[in-house]
2 protein chains.
Amino acid sequence: MKILIVEDEPKVASFIKKGLEENNYDAEIAYDGLTAEKLCKQYNYDIIILDIIIPGIGGLSLCKKLKILYPYLPVLMLTALGTTDDKLAGFEAGANDYLVKPFEFRELLARVKVLIKTADQSHETINKLIIADLELDLYKKTARRGSTHIELTAKEFSLLEYFMRNAGRVLSRNDIAEKVWDISFDFSTNVVDVYVNFLRKKIDKGFDKKLIHTRVGFGYTFGD
Amino acid sequence: MKILIVEDEPKVASFIKKGLEENNYDAEIAYDGLTAEKLCKQYNYDIIILDIIIPGIGGLSLCKKLKILYPYLPVLMLTALGTTDDKLAGFEAGANDYLVKPFEFRELLARVKVLIKTADQSHETINKLIIADLELDLYKKTARRGSTHIELTAKEFSLLEYFMRNAGRVLSRNDIAEKVWDISFDFSTNVVDVYVNFLRKKIDKGFDKKLIHTRVGFGYTFGD
DNA sequence: TTTTATTCATGAAAATCCTGATAGTTGAAG
DNA sequence: CTTCAACTATCAGGATTTTCATGAATAAAA
């Protein structure tokens, strides 16, 4: 677990670093915003502990910037400013948590743990659609049914994504044609049928529980 | 291994120098801060052994300064001041280790070894992206696949860096064009294709396991 | 200038997508 | 239980799109 501490007071910074390292975190210190940015480019930190008052760009701006570059990187803001307005400003800048100095280290540690945990969870699920034992990886553009890896073409992928995002609902051929093919009211084609068939071969064939069901006269449903 | 000893007492300085040279280190002495700075500019030292009480700028300030100029250069502080506050001041100034006089040479040697080793480790990984047997050196702007050295042009480098930082993820031509070329929504160019092709020739051609994979209809993925 | 790096333009090759025909199902009416 | 029309599944091929690889043109650097 890699942690970046952005803090210009060497005492505070090294105190936190030490404490974290005692808890088996891998912590590094940046004494100003620019260094922090550079380090973020170099490493994949799991969390950033960020002081608001730092040399250069300033903590709030830095936080905003980082949130654009690394949306899933949790930021714990750390500062002496303790009014509600200050806190709100921090959260507006995208902070995930806000701790006012002075603080007990135990609290900081607890909050860090929570942030890492939740970030980890959301990061893992945010890129995936999961229904039953079928998993669609939106980053890798692949699927996994149970333990078998499935490669999909672009059209198959968008069709499956549409199905999974509307699982349980009956989708007419027209709904599907509109959303996946951007065509409407064209009854001269059977592309939808054909592609549903392709998908079935890939994700249902050989598996006990079928996920794509046809509803005669209506269209298709996805799910179990 | 080049070591700089910053120490104004000639007796102590030459004692350390001798000891280090006996252990096959290449040691030099600076008797004041100014000289030390100059020498650092001229040579790439692997570690600095720094006395706090030296003529001129003073050891603590010098340490801070050096740490800004050469953040990864380890500093072992050496001094007669042994209180906790003194030590903390040393660490605050950026020292990587702090040894109180009088000391046994064996201990100094051991600490020097450790510092060089850890600096080496962090220095080695800090500038590198490694995926499978491909290593991208961010400082030298070169790559290495297995044992073969690969030279890259500027664009090839940024493309490969973007690939490696997003390994496993499918990157669309647009993603790539945006991040590497700073152009968006320009479908009239095939630069991305061309450069992916250049990269393939350099890092994949002749190797068994390909690292750049095209996902027809989606873009490219990097990794194995 | 010469060399090197980058971009553009092109056609061939490959993968994907779609069409249209046929075969198979379903379920309501007889 | 049959029949039959409407609906659905499947397949082969050809059309289309996407990607690869190359050489030439332009821009930048030595």
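Look up: the structure comes first, before these words.
Given the structure is predicted, the values throughout are model-derived calculations rather than measurements.

A few words on the interface of chain A and chain B. If you look at the interface, chain A gives 14 residues, while chain B gives ten residues. Seen at the junction of chain A and chain B, the total is one salt bridge. Note that B:Arg215 and A:Glu151 form a salt bridge whose closest N and O atoms lie 3.5 Å from each other. The set of elements that each furnish at least two residues to the side of chain A that touches chain B consists of helix H1 (10–22), helix H2 (33–42) and helix H6 (154–165) of chain A. Grouping the amino acids of the side of chain A that touches chain B by side-chain chemistry returns six nonpolar, three polar and five charged.

Leaving glycine aside, a negative phi is the common case for residues, and trans is the common case for peptide bonds. All names here are of chain A. Omega for the bond connecting Lys101 with Pro102 falls within 30 degrees of zero, at -5 degrees, which places this linkage in the cis form. For Pro102, the location among the structural elements is in the loop between strand E5 (97–100) and helix H5 (105–126). Even without glycine at this site, Asn24 takes up a positive phi of about 65 degrees. Within the secondary structure layout, Asn24 lies in the loop between H1 and strand E2 (26–30). Its relative accessible area of 70% is what places Asn24 among the exposed residues.

Before going further, it helps to spend a moment on the pairing of strand E1 (residues 2–6) of chain B. Residues and elements named next belong to chain B. By the criterion of burial, E1 is predominantly enclosed, with five of the five residues buried. Along E1, one buried face is formed by Lys2, Leu4 and Val6 and the opposite face, lined by Ile3 and Ile5, is buried too. One ladder, built from five bridges, connects E1 with strand E2 (residues 26–30); its direction is parallel. Within E2, the residue paired with Ile3 across the bridge is Ala27. You can see the chain leave E1, run along helix H1 (residues 10–22) and come back into E2, and the turn it takes is right-handed. Note: E1 against strand E3 (residues 47–51), four bridges, orientation parallel. Paired with Ile5 across the bridge in E3 is Ile49.

Moving on: the protein's contact with DNA strand D. Around DNA strand D sit 23 residues, and of these A:Asn197, A:Arg200, A:Thr214, B:Arg200 and B:Thr214 come closest. The sugar-phosphate backbone supplies 79% of the atoms of DNA strand D found within 4 Å of the protein. Of all elements in the fold, only helix H8 (191–204) and strand E11 (212–215) of chain A together with helix H8 (191–204) and strand E11 (212–215) of chain B reach the threshold of two or more residues within the surface near DNA strand D. The biggest single contributor to the surface near DNA strand D is H8(A), with five residues. Its residues placed into classes, the surface near DNA strand D shows six nonpolar, eight polar and nine charged.

This part takes up the sheet that holds strand E10 (residues 170–171) of chain A. Residue and element names in this part refer to chain A. The antiparallel open sheet is built from three strands, whose spatial order is E10-E12-E11. Bordering the open sheet on either side are E10 and E11, each of which pairs with just one other strand. Relative to the sheet, H8 contacts E11 and strand E12 (219–222), its axis offset from that of E11 by approximately 145 degrees.

Attention now moves to the sheet that holds strand E12 (residues 219–222) of chain B. Residues and elements named next belong to chain B. Here we have three strands laid out as an open sheet, ordered E10-E12-E11, and antiparallel in their pairing. Looking at which strands have only one partner, the edges of the open sheet turn out to be strand E10 (170–171) and E11. Bridge count for E11 against E12 is four bridges, and the pairing is antiparallel. Bridge assignment links Ile212 to a residue of E12, and that residue is Phe222. Contacts from H8 reach E11 and E12 within the one sheet, and its direction differs from that of E11 by about 145 degrees.

Rules used throughout
- Residues numbered from 1 in each chain as written.
- Chains lettered and ligands numbered in written order.
- Predicted model: local features only at pLDDT ≥ 70, side-chain atom pairs only at ≥ 80, totals over all residues.
- Heavy atoms only, no water.
- Contact = heavy atoms within 4.5 Å.
- Salt bridge = Lys/Arg side-chain N within 4 Å of Asp/Glu carboxyl O.
- Helix = DSSP H or I, 4+ residues; strand = E, 2+ residues; numbered from the N terminus.
- Nonpolar A, V, L, I, M, F, W, Y, C, P; charged D, E, K, R; others polar.
- Buried < 20%, exposed > 50% of the residue type's maximum accessible area, 1.4 Å probe, protein only.
- Pairing = 2+ DSSP bridges.
- Right-handed = clockwise from strand over helix to strand, strands pointing away.
- Near = heavy atom within 4 Å.
- Axes fitted to C-alpha atoms, helices over the stretch in contact; angles between N-to-C directions.

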